[in-house]
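One-letter residues, chain by chain:
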Amino acid sequence: MQPARGAPGGPLTAAWLGADFEDTTRLSYCVVAASFVAFQFLFSAVSPHLSSLLSQRYLELPAGKKCEWDSRCVSTAHALVVGSFCLYILAYDDAINKDPIWGDPRLVKMNVAITCGYLIYDMLLLARYWKTMGDSFFVCHHLAVLYAYGYVLNRGVLPFFANFRLISELSTPFVNQRWFFDIVGQPRSSWPVLLNGFAMTVVFFLVRIAVIPWYYRTTFATFGTEAFERLGTGPQVAWIVSCIVLDVLNVVWMYKILRGFYKVVSKDRPQRKTGLYHSD
């Protein structure tokens, strides 16, 4: 018996699902555009205005440092929005948890679209202010992410894995706060700086390094399955290659963070001993 027209599995249902997916894809690219405009507005208008009101130090900075200050404010805003949305999806989106490759990608596509808009804004910003803000590591990171997330937006594949990668954004506010402490002249041996440095090191390790074994074990478990084969070569390559690039960068950044934190702690220790010696 042929399925009834409009019944689950029937021709009308398939057509409706296809139309719904196309609508979601169009909406995703609208979100990319809106995200780009919103982050550009935060950079050019909101951050300069609020920073001028809240920090005297901001007014004293040269133009290049003001640009980086505003950029990091935008970066923190993006991380908080996307990171929170990411945790919500991981906790409550049963569809992608049950089917990490082909689960309903609608919420993930919105989150990915926000990030893609931000990455495009940030790459244009880096290109414009390359002499003061340029960083080849960030360019590699942004290109790898955009390459992989293009498949998420266009085909709606790998929603769980795409969203899981966004957990790493939760470390960004601590990284930016470290830079702000340096700019305002907060001593690196002070407790606020040390506590933020400790939190940055721990959170960065948890969301970018500690998850690597579990992530790749979950990834390898899908190899050879029917769902994996349906992806085709393009998404498979984008998925694996982009993840390797991102994790190599994460390991490099983790090393730099640990080295920097160790230098601060080890430098502060002799100073305290010297102080005790003179007080005696």
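Peer 1: Please set out the overall build of the protein residue by residue, giving values where relevant.
Peer 2: In terms of helices and strands, the protein carries 13 helices and zero strands. Starting at the N terminus, the α and β elements of the protein follow one another as α-α-α-α-α-α-α-α-α-α-α-α-α. Looking at the protein as a whole, 42% of its 280 residues qualify as buried. When contacts within the protein are restricted to residue pairs at least 6 apart in sequence, long-range pairs at least 24 apart make up 75% of them. Element-wise, carbon and sulfur atoms account for 67% of the exposed surface of the protein, whose accessible area totals about 15200 Å².

Peer 1: Can you lay out the environment of L246 for me, pointing to particular residues and giving the numbers?
Peer 2: Note on placement: L246 falls in helix α13 (residues 233-279). Not counting residues within four places of it along the chain, the set of residues in contact with L246 comprises H141, A144, V145 and R165.

Peer 1: How would you explain empty space enclosed by the protein if you had to name every residue and give the values?
Peer 2: Applying the stated criterion across every chain yields a total of one cavity of 30 Å³ or more. Space inside the largest cavity adds up to approximately 110 Å³. If you trace the largest cavity, you find it lined by R178, D182, R188, V193, L194, G197, M200, I257, G260, F261 and V264. At the level of elements, α9 (172-183), α10 (191-209) and α13 are the ones that each hand at least two residues to the lining of the largest cavity. Broken down by class, the residue content of the lining of the largest cavity amounts to six nonpolar, two polar and three charged.

Peer 1: So what about the layout of surface pockets? Which residues, and what values?
Peer 2: For the second largest pocket, the calculated volume is near 200 Å³. Lining the second largest pocket, in full, are L42, V46, S47, L50, S51, L54, S55, W69, C73, V74 and A77. For the lining of the second largest pocket, the secondary-structure elements that each account for two or more residues are α1 (11-54) and α3 (63-92). Looking at which element gives the most residues to the lining of the second largest pocket, the answer is α1, with six residues. Here the residues of the lining of the second largest pocket sort into eight nonpolar, three polar and no charged.

Peer 1: Quick rundown of a nonpolar patch on the surface? Include the residues and the values.
Peer 2: Nonpolar side chains collect at one region of the surface, where Y147, V237, V241 and V245 lie side by side and expose about 290 Å² of accessible area between them. The leading source of residues in the nonpolar patch is α13, at three residues. Mapped onto the elements, V237 comes out in helix α13.

Peer 1: Outline the side chain of S190, supporting the account with residue identities and numerical values.
Peer 2: With respect to the helices and strands, the residue S190 is situated in the loop between α9 and α10. You can call S190 buried: its relative accessible area is 13%. In this structure the side chain of S190 is engaged in a polar contact, spanning 2.6 Å, whose partner is the backbone oxygen of P187.

Peer 1: Any chance you could break down the environment of Y216 for me, citing the residues and the numbers?
Peer 2: In this structure, Y216 sits in helix α11 (residues 212-221). Its relative accessible area of 16% is what places Y216 among the buried residues. Separated by 27 residues in sequence, Y216 and C243 have C-alpha atoms that sit 9.2 Å apart. The residues touching Y216, leaving out its near neighbours within four places in the chain, are C243, I244 and D247.

Peer 1: Tell me about the nonpolar core, and name the residues and values.
Peer 2: Ranked by size, the top nonpolar core spans 53 residues in total, and within it V112, Y149 and W239 carry the most contacts. Top element by residues in this core is helix α5 (residues 106-128). It accounts for eleven residues. Every residue in contact with Y149, bar those within four places of it in the chain, is listed here: V112, T115, C116, A162, R165 and L166. With six residues, the next largest nonpolar core counts L61, W69, W179 and F180 among its residues.

Peer 1: Go over the pattern of salt bridges, please, and point to the residues and values.
Peer 2: Under the definition given, this model contains seven salt bridges. Put simply, R188 and D182 hold a salt bridge, and the shortest N to O gap is 2.9 Å. Residue class for R188 comes out partly exposed when judged on its relative accessible area of 41%. Three or more residues joined by partner-sharing salt bridges are found here, namely R178, D182 and R188.

Peer 1: Which residues make up the packing of α9 against α10, and what values go with them?
Peer 2: Where α9 meets α10, the closest approach of the two axes is 8 Å, and the angle between their N-to-C directions is 150°. Viewed along their axes, α9 and α10 adopt a mutual orientation that is roughly antiparallel. Seen from above, α9 lies across α10 with left-handed handedness. Between α9, through T172, F174, V175, Q177, R178 and F181, and α10, the contact on the second element is made entirely by P192, V193, N196, A199, M200, V203 and R208.

Conventions used here
In this numbering scheme, every chain counts its residues from 1 along its sequence in written order. Local features are withheld for residues below a pLDDT of 70 in this predicted model, meaning they are given only at 70 or higher, and side-chain atom pairs are given and counted only at 80 or more; totals for whole chains, interfaces and linings count all residues. Where side-chain values are given, they derive from all heavy atoms of the structure, hydrogens and water being excluded. Secondary structure elements are taken from DSSP: a helix is a run of H or I of four residues or more, a strand is a run of E of two residues or more, and numbering for both begins at the N terminus. Relative accessibility under 20% of the residue-type maximum defines a buried residue, over 50% an exposed one, and the middle range a partly exposed one, all with a 1.4 Å probe and only protein chains included. Whether two residues touch is decided by their heavy atoms; if any such pair falls within 4.5 Å, the residues are in contact. Each accessible area is a Shrake-Rupley result for a 1.4 Å probe, and residues are judged covered by the shown protein chains and nothing else. A cavity here means a set of points on a 1 Å grid, drawn over the protein atoms and nothing else, where a 1.4 Å probe fits but cannot get out; a pocket is an open set with protein on both sides within 12 Å along at least five of seven lines, and a residue lines either one if it has an atom within 4 Å of a point. Grid points are joined across faces, edges and corners, and a volume is the space filled by probe spheres set on the points. Three categories are distinguished: nonpolar for Ala, Val, Leu, Ile, Met, Phe, Trp, Tyr, Cys and Pro, charged for Asp, Glu, Lys and Arg, and polar for the others, with Gly belonging to the last. Patch members must show over 30% relative accessible area and no salt bridge, and they are joined within 9 Å when carrying like charges or within 5 Å when they are nonpolar side chains of Val, Leu, Ile, Met, Phe, Trp or Tyr. Here a salt bridge means any side-chain nitrogen of Lys or Arg lying within 4 Å of a carboxyl oxygen belonging to Asp or Glu. As used in this structure description, the phrase polar contact means that two N or O atoms lie within 3.5 Å; if the pair is within protein, one of them must be able to donate a hydrogen and the other to accept it, and residues adjacent in sequence are counted only when both atoms belong to side chains. We define a nonpolar core as any set of buried Ala, Val, Leu, Ile, Met, Phe, Trp, Tyr and Cys residues linked to one another through side-chain atoms lying within 4.5 Å. Between N-to-C directions, angles cover 0 to 180 degrees, with each direction set by a line fitted to C-alpha atoms, over the stretch in contact for helices. Roughly parallel means an angle under 35 degrees; roughly antiparallel means over 145; roughly perpendicular covers 65 to 115; every other angle is labelled oblique. Crossings are classed by handedness, with left-handed meaning an anticlockwise turn of the near helix from the far one by less than a right angle and right-handed meaning a clockwise turn.

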